[in-house]
Amino acid sequence: MNYYSTNDKTVKVGLLESVMKGVPDDGGLYMPERVPYIPKAFFKHVGEMSVHEISFVVASTLFGEDIESEALKTIVTDTFNFEIPLIEIEPGIFAVELFHGPTLSFKDIGARFMARMLEYFCSGKSNDSPLINVLVATSGDTGCAVANGFLNIPGVRVFVLYPSGKVGKIQEAQFSTLGANITAIEVDGTYHDCQVMVMEALKDRVLNEAMILTSANSINVARFLSQMFYYYYIYARLNAMGVQTERLTIAVPSGNFGNLSAALYAKRMGLHINKCVTASYKKDIFDDYLKHISYSTENSAVDIGQISNFARILDLYNNDKEAILGDVVSRSYDETAILQTIADVYKNTGYILDPHGAATYNALKDAISANETGVFLAAAHPAKFQAVVEKAIGSEIEMPEKLAVFLNREKQSVKMSPQYPALRKYLLNVKDILVDK
Ligand SMILES: *Cc1c(COP(=O)(O)O)cnc(C)c1O
């Protein structure tokens, strides 16, 4: 299968190139050149299938021409080395917990899948073939998921750039204490500086001739497409539980619209989703994007900070705003409402929501009508937002072992000034140094 750029459909590349490049030169986003359909027969027995079996069918439909079947099976099996519980917290309302991976974020899924796909593409190369260098700028969660997803993947090295003193302690520990093929670069600047430095490096011709560079941010096609797996799994679990899926609403938190675009794409590929709901904090970012449709289509990349998956949604709907609004409802909530929701749900059901989950739960409740089934994504473990959650519920929450272990490890970071030449010089210096084994 080839992938075109949302800015110019005549620009097409194969899977390997789309994953390696991340973003096309014209600043669009990669999309599969045709929508592959999941065979109808699949849905008949889906309730009996495991997350691995379901993901394998979806992955084969998308990547079957490019990756051998056995290898693809291994990739999806290794991606999901953790549970995805679906919990009915009140009648007809389900939380799908995507936070049981190594960094307790749904981002683990896309990052683990992408890492294993790159590993597959590197395998078969000789031992002295050049390393793939993954650059990622982070304000927290993305760095954690990418660093842990790529940890000890042969042939790949990761550099996580983050603003010094501006990332949570637990999050910093999750990418700066790993060692091996993961290097944390502590930039004496802002998150934006980190993004600009990564963007400059990816555009630098000389540097790109000297070493293989790629980026693992959320718009990579391997991350976007692998996020579809869990929507099929949700549908399967509901069927296995005997819950009606004729009228199914899925609610997701919004940031870069990775979850939303994956849900809409899964629907297009044949998954029965009635409606999607997207929730944001303070201002309705989905609505903002929709109002600025021309901006998003004419001018995307340039500043990586502006990149989101929104262009994929526009592309999927041929820029038809009405059609998008037929499938998507958006809502936003302020901090007071979110704290109240966390408190209320805890009091009424005992379930502890994270702040994004609370906004998403609210949006689902607002958008759903009687006799519908609603599922909202619990995208991060509540302990990742310990202070807010404890304030809302008025008691302490337990720190999961998976997070606690990071805090006992020693930080190892490379300090750097917030200018691109510093990163360039550093990368040229380390380009021939092999990673610790
Ligand atoms: C990353 C993240 C988001 C944003 O997700 P998108 O798929 O990019 O919209 C939302 N909530 C949480 C908890 C996240 O970690």
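So, how was this worked out
- Along each chain, residues carry numbers from 1 onward, in the same order as the chain's sequence is written.
- Since the coordinates come from a predicted model, pLDDT governs what is reported: local features require at least 70, and pairs of side-chain atoms require 80 or more to be given and counted, while whole-chain, interface and lining totals use all residues.
- Hydrogens and waters are ignored; side-chain quantities use all the structure's heavy atoms.
- Helical segments are the DSSP runs of H or I of at least four residues, strand segments are the runs of E of at least two, and each set is numbered from the N terminus.
- For every residue, the accessible area obtained with a 1.4 Å probe (protein chains only) is divided by the maximum for its type, and the residue is called buried under 20%, exposed over 50%, and partly exposed between those limits.
- Here, residues are in contact when the closest pair of their heavy atoms is within 4.5 Å.
- Nonpolar cores were defined as sets of buried Ala, Val, Leu, Ile, Met, Phe, Trp, Tyr and Cys residues, with membership established by side-chain atoms within 4.5 Å.
- Under this definition, polar contacts are N or O atom pairs within 3.5 Å; protein pairs additionally need one hydrogen-donor-capable and one acceptor-capable atom, and for neighbouring residues in sequence, both atoms have to be side-chain atoms.
- Only the stretch in contact is used when fitting a helix axis, every axis being a line fitted to C-alpha atoms; angles between N-to-C directions are given from 0 to 180 degrees.
- Comment on the angle field: the value is read as roughly parallel under 35 degrees, roughly antiparallel over 145, roughly perpendicular from 65 to 115, and oblique elsewhere.
- Polar here means any residue outside two lists: the nonpolar Ala, Val, Leu, Ile, Met, Phe, Trp, Tyr, Cys and Pro, and the charged Asp, Glu, Lys and Arg; Gly therefore counts as polar.
- The salt bridge criterion pairs a side-chain nitrogen of Lys or Arg with a carboxyl oxygen of Asp or Glu, the two atoms within 4 Å.
- Side-chain rings of Phe, Tyr and Trp (the six-membered ring for Trp) are treated as a pair once their centres are within 6.5 Å; stacked means planes under 30 degrees apart, edge-to-face means over 60, and tilted covers the remaining angles.
- The criterion is that NZ of a Lys, or CZ of an Arg, lies within 6 Å of the ring centre and within 35 degrees of the ring normal, and then a charge sits over that ring.
- pLDDT expresses how confident the predictor is about each individual residue, on a scale running from 0 to 100.
- Buriedness of a pocket was judged along seven lines, with at least five required to meet protein on both sides within 12 Å; pockets are open sets of points on a 1 Å grid over the protein atoms alone, cavities are sets where a 1.4 Å probe fits but cannot get out, and lining residues have an atom within 4 Å of a point.
- Grid points are joined across faces, edges and corners, and a volume is the space filled by probe spheres set on the points.

Novice: Could you give an account of the environment of T245, with specific residues and numbers?
Specialist: With respect to the helices and strands, T245 occurs in the loop between α11 (229–240) and β10 (248–253). By relative accessible area, T245 is classed as buried at 7%. Distance in space between the C-alpha atoms of T245 and H272 is 7.6 Å, their sequence separation being 27 residues. With residues up to four places along the chain from it excluded, the contact list for T245 reads Y235, L238, N239 and H272.

Novice: Give me the lowdown on the nonpolar core, citing residues and values where you can.
Specialist: Residues F63, I67, F150, Y231 and Y232 are the most contacted members of the largest nonpolar core, which totals 106 residues. Residue contributions to this core peak at ten residues, all from helix α5 (residues 107–122). Once residues lying within four places of it in the same chain are set aside, the contact partners of Y231 are I250, V252, N259, A262, A263, A266, L271 and L377. Counting 32 residues, the second largest nonpolar core, distinct from the first, contains I89, I338, L353 and I368.

Novice: An account of the side chain of S308 is requested, with residue identities and associated values reported.
Specialist: Considering the arrangement of structural elements, one finds S308 in the loop between α14 (293–298) and α15 (310–316). Given the relative accessible area of 6%, S308 is considered buried. Within the structure, the side chain of S308 is placed 3.0 Å from the backbone nitrogen of F310, a separation counted as a polar contact. Ignoring sequence-local partners within four residues, the contact set of S308 consists of L29, I219, N256, F257 and Y289.

Novice: Which residues make up helix α6 (residues 141–150), and what values go with them?
Specialist: Burial analysis of α6 places ten of its ten residues in the buried class, the great majority of the element. Looking at α6, one finds that the buried residues are D141, T142, G143, C144, A145, V146, A147, N148, G149 and F150. Of the residues flanking the end of α6, it is N152, one or two places downstream, whose phi is positive at about 65°.

Novice: Pulling in residues and values, what's your account of the packing of helix α17 (residues 335–349) against helix α18 (residues 355–367)?
Specialist: Taken N-terminus to C-terminus, the directions of α17 and α18 make an angle of 85°; their axes are 9 Å apart at the nearest point. Taken as axis vectors, α17 and α18 run roughly perpendicular relative to one another. Along the contact surface, α17 presents A337, I338, T341, I342 and V345, while α18 presents P355, A358, A359, Y361 and N362. The class makeup of the residues in the contact of α17 with α18 is eight nonpolar, two polar and no charged.

Novice: Explain the pattern of salt bridges residue by residue, including any values.
Specialist: Oppositely charged side chains can form a pair if their charged atoms are brought close together. Evaluated as defined, the whole model comprises 15 salt bridges. With its nearest N and O atoms 3.4 Å apart, the salt bridge here joins D315 to K9. In this pair, D315 is assigned in helix α15 and K9 in strand β2 (residues 8–14), connecting sequence segments 306 residues apart. Close ionic contact of D287 with K291 constitutes a salt bridge, the shortest N to O distance being 2.6 Å. Here D287 pairs with K291, and both are found in helix α13 (residues 285–291), just four residues apart, close to one helical turn. It is possible to trace a salt-bridge network through shared partners that takes in E172, E186, K411 and K415.

Novice: Describe the packing of aromatic side chains, with residues and values.
Specialist: Throughout the structure, instances matching the rule amount to 19 aromatic pairs. Each ring, one from Y120 and one from F121, has its centre 5.5 Å from the other, and the planes form 65°; the classification is edge-to-face. For the pair Y120 and F121, one class covers both residues: buried. An aromatic cluster is built from F63, F80, F82, F113 and F229, whose rings are joined through pairwise contacts. A cation over a ring is seen here: K73 above F56, with NZ or CZ 4.9 Å from the ring centre. Across the ring face of Y317, the terminal group of R268 is positioned such that the distance to the ring centre comes to 5.1 Å.

Novice: An account of the confidence of the model for the chain is needed here, citing residue identities and associated values.
Specialist: Summary statistics for the chain give a mean pLDDT of 92 and a share of 95% for residues scoring 70 or more. Contacts from residues 295–305, a stretch scored under 50 in pLDDT, to residues over four places away or in other chains number 18 contacts.

Novice: I'd like a rundown of the layout of surface pockets, residues and numbers included.
Specialist: To locate leftover empty space, one rolls a probe as large as a water molecule over the atoms. By volume, the largest pocket is sized at about 1300 Å³. Considering the residues around the largest pocket, the lining is formed by 47 residues, among which K107, S254, G255, N256 and H356 are closest to the centre. Elements supplying a minimum of two residues to the lining of the largest pocket: β6 (132–137), α6, α8 (191–203), α12 (258–268), β11 (275–281), α13, α17 and α18. Per-class residue counts for the lining of the largest pocket are 22 nonpolar, 19 polar and six charged.

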